Amino acid sequence: MTKFYLTTAIDYSNGDPHLGHALEKVGADCIARYHRLRGRQVHFLMGMDEHSQSVIQAAARAGVSPREWVDRMAATFADYWRQLECSHDDWIRTTEPRHIRSVVALLERIRQRRPDDLYVADYEGLYCTGCEEFKQPSQIANGHCIEHPTLDLIPTKERNHFFRLSAYGQRLLQLIASGELRIEPAIRRNEVVRLLEDGLQDVSISRQRLPWGIPFPGDPEQTIYVWFDALINYLSATGFPDPGYDRLWPADLHVVGKGITRFHCIIWPAMLLAADLALPRLVWAHGYVQWEGTKMSKTAGTAVSLSTALERYGADALRYFLLREVGFENDGNFTWERFDARYSADLADTFGNLVSRSLSMVDRYRAASVPADSSDSPLERASQEMIGTYTRAMDAIDLQQGATLVIELATRANRFVEETAPWKLAKANNDTALDSVLANLVRTVARLAVLSAPFIPAKAQEIWGALGANRPLADVRLADLATLSVTGWKVAKPPPLFPKPEAD
Ligand SMILES: [Zn+2]
């Protein structure tokens, strides 16, 4: 089985997760579930970035130790990801011993292989505590970090260890041009290429006397810079440097936000090149969830909390809305009006309605037993074609298109019900035609349950359960769908899948 190792950015432990975090995790989870459906051996990693300076501040404000603070935050994040049905196989925290020893091992490996790439120098610059990095003039607008316009930049001067990033610009440009280092979407790749063409400056990889972090090997006065530390989580989760780590490494996909491509597409690959390690195959940089045109973030003010969004219609509806409406490529808006409209039109009136009427008719006309398959119908042709389009979209991480195709096929199936009018066929005792229509509908619903599962896993499971299928949903692969037979399945009365709130 082909392995597929994917990761999300690990989250800062300085505040509760918001919708921006949720979009990234739900998108990555959708990709992970899709690749399982493809029959790949998926290893899906998520985790926490726990050594940031903001952790010290947040812990102090709460009157607890940094250790107590990160434990508390890890529990909070883990609980949200459980609610959002994230199916990660591993959860790494950068305070874990397995991570710390990998960080030290990578640093030692660079030091052995490229001793000139590490050196000590004085550094003076403007530091953003939101990004946990020194900002270059191009990253500053109106005296503030572009990513964190509400935070003040802190003038900082200290002696640091440096990594000779400037030596890797040309090599990275070649690797991107040759496709060995893929960055998608293209708009993000072009941004990275521009940064590389402008020339790279060496980066500080330590901070002086920071009481929370990994001590710099051989220099106890210095702590490893949080970003250098954090990026290595993707490697430490593979067991590096123990033999066998390359069963997972290199990562097949890093999912990150568009604001941290410099770290993932420049600094991280350069670190790996310096250590003679394989590069990640693809970095996917998604856009932001916007609320009234501004980025959803802690510092920009939490306009709508993740728990409120979850309470509205449950986790599946939120997952669907984020991926269908906000999208996983460009920035997208979150509004209650759009959420309500999508829920009502796509999930309740289209998909939910199709499942409900299809199963009810099998119950009413065929004593709940699905009649023998019919070979052909306009719906069957639409359904076959959709499997191909869906596969191409999902392979290209076009999650918005994947979700759209699911609802489009449900719409087509609802039209098929109107066109064939099964109630008339029943009245006329046209058994052959009625059998064919019902079998076609149930087979389409079954396929839709499978294809919607990466987006709405719990609802897909409920539908699958009501279909009385002869095997568990988790055992079905994309390749099985074209010839899926539903003959003899015993359907149950469908649960109310997407109930509409009572009008007040
Ligand atoms: Zn910043």
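Above this text is the structure in question.
For clarity, every value in this text was computed on a predicted model and none was experimentally measured.

Conventions used here
- Residues numbered from 1 in each chain as written.
- Predicted model: local features only at pLDDT ≥ 70, side-chain atom pairs only at ≥ 80, totals over all residues.
- Heavy atoms only, no water.
- Helix = DSSP H or I, 4+ residues; strand = E, 2+ residues; numbered from the N terminus.
- Buried < 20%, exposed > 50% of the residue type's maximum accessible area, 1.4 Å probe, protein only.
- Contact = heavy atoms within 4.5 Å.
- Pairing = 2+ DSSP bridges.
- Phe/Tyr/Trp six-rings, centres within 6.5 Å; stacked < 30°, edge-to-face > 60°.
- Donors = N, O, S within 2.8 Å, 3.2 Å for Na, K, Ca; no water.
- Tetrahedral: all angles 85-135°; square planar, octahedral: opposite > 155°, others 65-115°.
- Lys, Arg positive; Asp, Glu negative; His and termini not counted.
- Salt bridge = Lys/Arg side-chain N within 4 Å of Asp/Glu carboxyl O.
- Disulfide = S-S within 2.5 Å.

Caption draft 1: Structural detail: the overall build of the protein. Within the protein one finds 17 helices and 19 strands. If you line up the protein on its principal axes, its C-alpha atoms span 90 × 50 × 40 Å. Split into buried and exposed, the 504 residues of the protein put 58% on the buried side. Here the contacts in the protein between residues at least 6 apart in sequence split such that 77% fall between residues at least 24 apart.

Caption draft 2: Here's a closer look at the pairing of strand β14 (residues 219-224). In terms of strand pairing, strand β12 (residues 206-208) meets β14 through three bridges, oriented antiparallel. Bridge pairing in β14 links Q208 to Q222. Relative to β14, strand β13 (residues 215-216) is paired through two bridges, and the arrangement is antiparallel. Pairing of P215 across the sheet is with T223, part of β14. Taking the residues that link successive antiparallel strands as the turn, the β13-β14 hairpin has two residues, and the phi of G218 there is positive, at about 80°.

Caption draft 3: Expanded view of unusual backbone geometry. The omega torsion of the bond from E184 to P185 falls at -10°, within 30 degrees of zero and hence cis. Here P185 is to be found in the loop between β10 (182-184) and α6 (186-198). Along the chain, W249 connects to P250 via a cis peptide bond; the corresponding omega equals 5°. Note on placement: P250 falls in the loop between α8 (233-236) and β15 (253-257). Despite not being glycine, E85 shows a phi value in the positive range, around 65°. Mapped onto the elements, E85 comes out in the loop between α3 (66-83) and β4 (90-93). Judged by its relative accessible area of 16%, E85 falls in the buried class.

Caption draft 4: Focus on the packing of aromatic side chains. Scanning all chains against the criterion turns up 22 aromatic pairs. With a centroid separation of 3.7 Å and 5° between ring planes, the pair formed by W227 and F263 is classed as stacked. With W227 in helix α7 (residues 226-231) and F263 in helix α9 (residues 261-274), the pair connects residues that are 36 residues apart, well separated along the chain. Judged by relative accessible area, W227 falls into the buried class, the value being 9%. When the ring of Y313 is compared with that of Y343, the centres are 3.7 Å apart and the planes differ by 10°; the resulting orientation is stacked. Here Y343 lies in helix α12 (residues 336-366) and Y313 lies in helix α10 (residues 306-313), a separation of 30 residues in the sequence.

Caption draft 5: The arrangement of the coordination of the zinc ion in detail. At 2.2 to 2.3 Å from the zinc ion lie its protein donor atoms, namely C128 (SG), C131 (SG), C145 (SG) and H148 (ND1). Around the zinc ion sit four donor atoms; with metal-centred angles ranging over 99 to 121°, the donor geometry is tetrahedral.

Caption draft 6: The arrangement of the sheet that holds strand β17 (residues 289-291) in detail. One open sheet accounts for three strands, arranged β18-β17-β19; its pairing is mixed. Both outer strands of the open sheet, β18 (294-295) and β19 (332-333), are each paired with one neighbouring strand and no more. As paired elements, β17 and β18 share two bridges and run antiparallel to each other. Across the sheet, the residue bridging to Q290 is K295, located in β18.

Caption draft 7: Region of the structure containing the environment of P17. Inspection of the secondary structure assignment puts P17 in the loop between β2 (11-12) and α1 (19-37). As for P17 and T294, which are separated by 277 residues in sequence, their C-alpha atoms are 17 Å apart. Every residue in contact with P17, bar those within four places of it in the chain, is listed here: T76, F77, Y80, W81 and L306.

Caption draft 8: Region of interest: the side chain of E85. As a buried residue without a salt bridge, E85 has its nearest oppositely charged side chain in R319, at a separation of 4.9 Å. Contact partners of E85, with chain neighbours within four places excluded, come to D29, R33, A315, D316, R319, P457 and A458.

Caption draft 9: Region of interest: the state of the cysteines. For the structure shown, the criterion picks out zero disulfides. With no disulfide of its own, C265 lies 15 Å from the sulfur of C131, the closest cysteine sulfur. Note on C265: relative accessible area 0%, which makes it buried.

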